[in-house]
Amino acid sequence: MPPSLNAALSAGAARVQLEAYGGPRGDKSSDSRRLSLRRALVVRELLIEDGVPSEKIDVKAKAAPTTTARPTSVDVFVRS
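Residues numbered from 1 in each chain as written. Predicted model: local features only at pLDDT ≥ 70, side-chain atom pairs only at ≥ 80, totals over all residues. Heavy atoms only, no water.

Asker: For this particular structure, what's the right way to read the nonpolar core?
Answerer: Note on soluble globular proteins: their nonpolar side chains tend to be buried together. Grouped together as the largest cluster of nonpolar side chains are eight residues: Leu-5, Leu-9, Ala-14, Val-16, Leu-18, Leu-47, Val-52 and Ile-57. Setting aside its immediate chain neighbours within four residues, Leu-5 contacts Val-16, Leu-47, Val-52 and Val-78. (Core = buried A, V, L, I, M, F, W, Y, C linked by side-chain atoms within 4.5 Å. Buried < 20%, exposed > 50% of the residue type's maximum accessible area, 1.4 Å probe, protein only. Contact = heavy atoms within 4.5 Å.)

In structure tokens, the structure reads:
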């Protein structure tokens, strides 16, 4: 686990939030949401393998973005 992520999670109530996108821009279909969920779950597994406790990871599958977010991205945030 990267040192800064490890320190943030060890410091208390911090959580990792994954926001995933999938599908062509503006597509709100269930296919896009399933694609984004698959992407987020892959990143979640990598974080768990790297030592992040699974109970500290929240996943949000957001289908396709309508803003400037890349349609193939998984954004990782540390929230307290």
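Asker: Can you walk me through the pairing of strand β2 (residues 57-61) in this structure?
Answerer: The two faces of the sheet receive side chains in turn, since in a regular strand these alternate between them. Summarising the sheet, strand β1 (residues 15-20) and β2 pair through five bridges and their orientation is parallel. Note on β2: the bridge partner recorded for Val-16 is Ile-57. In this fold, β1 hands off to helix α2 (residues 30-49), which returns the chain to β2; that crossover is right-handed. (Pairing = 2+ DSSP bridges. Helix = DSSP H or I, 4+ residues; strand = E, 2+ residues; numbered from the N terminus. Right-handed = clockwise from strand over helix to strand, strands pointing away.)

Asker: Help me out: how do you make sense of the pattern of salt bridges in this one?
Answerer: Opposite charge on two side chains allows them to pair when their charged atoms are near. By the definition in use, this model includes four salt bridges. Residue Arg-15 pairs with Asp-58 through a salt bridge whose shortest N-O separation is 2.8 Å. Of this pair, Arg-15 sits in strand β1 while Asp-58 sits in strand β2, and the two are 43 residues apart along the sequence. With relative accessibility at 30%, the residue Asp-58 sits in the partly exposed group. Residue Arg-34 is joined to Asp-31 by a salt bridge in which the shortest nitrogen-to-oxygen separation is 2.4 Å. (Salt bridge = Lys/Arg side-chain N within 4 Å of Asp/Glu carboxyl O.)

Asker: Would you mind going over the sheet that holds strand β3 (residues 74-79) with me for this structure?
Answerer: The strands making up a sheet associate through hydrogen bonds between their backbones, and the pairing can be parallel or antiparallel. The sheet built from three strands is open, its strands ordered β2-β1-β3 with mixed pairing. Bordering the open sheet on either side are β2 and β3, each of which pairs with just one other strand. Here the average twist between neighbouring strands, direction ignored, is 20°. Pairing of β1 with β3, which is carried by six bridges, proceeds in the antiparallel orientation. Paired with Leu-18 across the strands is Val-76, a residue of β3. Here α2 sits on the sheet and contacts β1, β2 and β3; the angle it forms with β2, its principal contact strand, is near 160°. (Axes fitted to C-alpha atoms, helices over the stretch in contact; angles between N-to-C directions.)

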